[in-house]
Amino acid sequence: MTTTPRPAPQRGIFDEPYWRYAAAGELRLQRCSACGSFRYPPGPACPDCLAEEHEWTALSGRGSLLAWTVFHRQYFPGIPVPYAVAAVRTAEGPILIGNIAGTAVGDLIHGMPLTAVFEDVTTTDGPLRICQWTRLGPSSTLEEQE
Amino acid sequence: MVDLARLSALRDTVAIVGVGETDYPEDYGRARRGERYQDAYGYAATAFRRALTDSGLERRDIDGLVAGPALAGERLGEVLGMDVRWADQADAVQAVVKAALAVHAGVAECVALVYGNDQRTGGTAYGGPGAMGGERHLAYTYYAPWGLTSQGALYALLANRYMEVTGLTERELGGVAVAQRAFARLNPNAVMRKPLDVEDYLAGRYICEPLRLFDYCLVNDGGVALIVTTAERARRLRRPAVLLSGIGRSDHNREATSLRPRLMDFYRPAQRNAAEQVYAMAGMGPSEVDVLQVYDSFSIHVPLALEGFGFCAEGSAGKLLSSGDLGPGGRLPVNTSGGHLSGSYMQGWGHLAECVRQLRGEAGERQVPGARTTQYISDVAGKVTSLIYRRARA
Ligand SMILES: [Zn+2]
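Just so you know, these numbers come straight off a predicted model, no measurement behind them.

Before going further, it helps to spend a moment on the confidence of the model for chain A. Scored by pLDDT, chain A comes out at a mean of 91, with 91% of its residues at no less than 70. Under a pLDDT of 50 for its full length, residues 139–146 of chain A has, in the predicted model, nine contacts with residues more than four places off or in other chains.

Structural data, given as structure tokens:
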């Protein structure tokens, strides 16, 4: 548990379920009931078939490292630099953004397998549980990394 | 579907007959000294006065007005004392496209395109929680809880992935900043004119790795104005007319916020579509471009444009960037005024003015000898637009 205040998320009306599931430690995304496409960020219609109907489907939590950037300029008082932000390609397809826990910036490798973990943070709007990513490997359990 | 017959009917029928810019280095110096003596409308008014004088037209001749994104159309009309019969608001490339369509359709005959911005003295934030542009590009602010905001950070993510896929090195990317600084040194109206070589570039601090200080655009105040009219009327004016020969546009918005077009496709499909249209309409190809202007809020825009529009093969831009060919005396001069990196950050409007100056042969020491065709390529977050201009035959 960190007390570092991070910026609060921008929450449109379609975002609420995402954050409610995240608070329960679940990574779920909106998925079209008609054609099965994922929708991210959440929205009012399926970009593939325009259907409204959807379910909030649990992801496997598996992904791989697509790209990252290391922030050297401090834009947020609550997040000390340098820190890495990663784009993660989930096994199901959607690309999600997160920080990488437990791996030094210099050890990041394109395509490295990752798994979702949840981190409790403090934001400018209060406490929040956010989805982060950590290296997936035989000797790498969450307990060892904390 | 692209209807080439209709597009071709527009070719070379609309001309740019006036350009005006503010004094960027002087205004930058004043801003650094903490002086605040102009606002966005003040810069806009200065640029408009100069463009009008340059064109030889009178203010009463202007019957259309396009306001830049930082200006309110009503206030701009009020400040400039202009009651027009057609008005709109647009970014740099769309301003030209809209004005051309209006002139072609006859809803206006002489259109002023006016941009002003006090982003430096006004303290516009391009990073942080309220990053500029978040209302138009959700990705600029959506990931704030993870410390990811700003256009720069998103292009840094792209650069990280692009380097992995193509093998582009940081040293090669430095070729963009170095070539544009060399041009800026030949342009008395460029803000950054100190020498910059690739070692200086590599010694620059990272902002969002792998992008460094010199990969980022300036933030400075200023204004730009252009006057657009029919090719017939342009022939009766005193300046050599610059004709609009090609327009290409293609958007890549599917999954924009989740960054797929940016990180997986490098916006290439949209670039290819826009390239196909602009070259078909102008009846030419990239090898016939004498001077290229590329929207460069970040250096990485340049290799993307070079590959996307066929100036080199996909994944091969690195060699071209470090070859010196993009700089003064090179085979493919790019951003000859210094661009956003070293010249002035006028959100593409300065690039439009530079296209005109090069074709008129008025670019002084940085003039590309005998330039007859210029192209502008703008790709902001997958909204790819390109324009081709030609010098009218005397
Ligand atoms: Zn669907």
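Moving on to the coordination of the zinc ion. Residues and elements named next belong to chain A. Those protein atoms acting as donors to the zinc ion are Cys-32 (SG), Cys-35 (SG), Cys-46 (SG) and Cys-49 (SG), and they sit at 2.3 to 2.4 Å. The coordination sphere of the zinc ion comprises four donor atoms, whose angles at the metal cover 100 to 117°; the geometry is tetrahedral. Counting gaps between the donor residues of the zinc ion yields the pattern C-x2-C-x10-C-x2-C. We classify Cys-46 as buried; its relative accessible area is 0%. Assessed through its relative accessible area of 35%, Cys-49 is described here as partly exposed.

This part is about the environment of Pro-41 of chain A. Turning to its location among the elements, Pro-41 of chain A is positioned in the loop between strand S3 (38–39) and strand S4 (54–58). Residue class for Pro-41 of chain A comes out buried when judged on its relative accessible area of 17%. Discounting chain neighbours no more than four positions away, the residues touching Pro-41 of chain A are Leu-138, Tyr-142 and Thr-257 of chain B.

Residues and elements named next belong to chain B. Here nine strands make up an open sheet; going across it, the order is S3-S2-S4-S7-S1-S8-S11-S10-S9 and the pairing mixed. The two strands at the open ends of the sheet, each matched to only one other strand, are strand S3 (86–89) and strand S9 (291–294). For this sheet the average axis-to-axis angle between neighbouring strands, irrespective of direction, equals 25°. In the sheet, strand S10 (residues 373–380) pairs with strand S11 (residues 383–391) via eight bridges, with the strands oriented antiparallel. Paired with Thr-374 across the two strands is Tyr-389, which belongs to S11.

So, about the pairing of S9 of chain B. Residue and element names in this part refer to chain B. Residues Val-291 and Gln-293 line one face of S9 and the alternating positions Leu-292 and Val-294 line the opposite face, and both faces are buried. Note that S9 and S10 share four bridges and pair parallel. Bridge pairing links Val-294 to Ile-377 in S10.

Residues and elements named next belong to chain B. All chains considered together, the criterion is met by 28 salt bridges over all chains. One salt bridge connects Arg-50 with Asp-23, and the closest N-O pair in it is separated by 3.1 Å. Note that Arg-50 is positioned in helix H3 (residues 40–55) and Asp-23 in the loop between strand S1 (14–21) and helix H2 (24–32), a separation of 27 residues in sequence. Judged by relative accessible area, which is 34%, Arg-50 ranks as partly exposed. Here Arg-331 ties to Asp-325 by a salt bridge, and the two come within 3.2 Å at their closest N and O atoms. On the basis of relative accessibility, which here comes to 61%, the residue Arg-331 falls in the exposed class. Overlapping salt bridges bring together Asp-54, Arg-239, Arg-360 and Glu-362 as one network.

Taken residue by residue, the interface counts 38 residues in chain A and 31 residues in chain B. Both sides of the chain A and chain B interface together cover about 3100 Å² of buried area, and 60% of this is carbon and sulfur. The tally of links from chain A across to chain B stands at one salt bridge. The interface formed by chain A and chain B contains 18 residue pairs in polar contact (both at pLDDT 80 or more). For the side of chain A that touches chain B, the elements supplying multiple residues, two or more each, are helix H1 (16–23), strand S5 (62–71), strand S6 (83–90), strand S7 (95–98) and strand S10 (126–135) of chain A. Where S5 of chain A and strand S5 (residues 206–209) of chain B come together, two bridges link them in antiparallel fashion. Counterpart to Val-70 of chain A in the pairing with S5 of chain B is Glu-209 of chain B.

Cut-offs used in this document
- Residues numbered from 1 in each chain as written.
- Chains lettered and ligands numbered in written order.
- Predicted model: local features only at pLDDT ≥ 70, side-chain atom pairs only at ≥ 80, totals over all residues.
- Heavy atoms only, no water.
- pLDDT = per-residue confidence, 0-100.
- Contact = heavy atoms within 4.5 Å.
- Donors = N, O, S within 2.8 Å, 3.2 Å for Na, K, Ca; no water.
- Tetrahedral: all angles 85-135°; square planar, octahedral: opposite > 155°, others 65-115°.
- Buried < 20%, exposed > 50% of the residue type's maximum accessible area, 1.4 Å probe, protein only.
- Helix = DSSP H or I, 4+ residues; strand = E, 2+ residues; numbered from the N terminus.
- Pairing = 2+ DSSP bridges.
- Axes fitted to C-alpha atoms, helices over the stretch in contact; angles between N-to-C directions.
- Salt bridge = Lys/Arg side-chain N within 4 Å of Asp/Glu carboxyl O.
- Buried area = accessible area lost by both parts, 1.4 Å probe.
- Polar contact = N/O pair within 3.5 Å; in protein donor to acceptor, adjacent residues only side chain to side chain.

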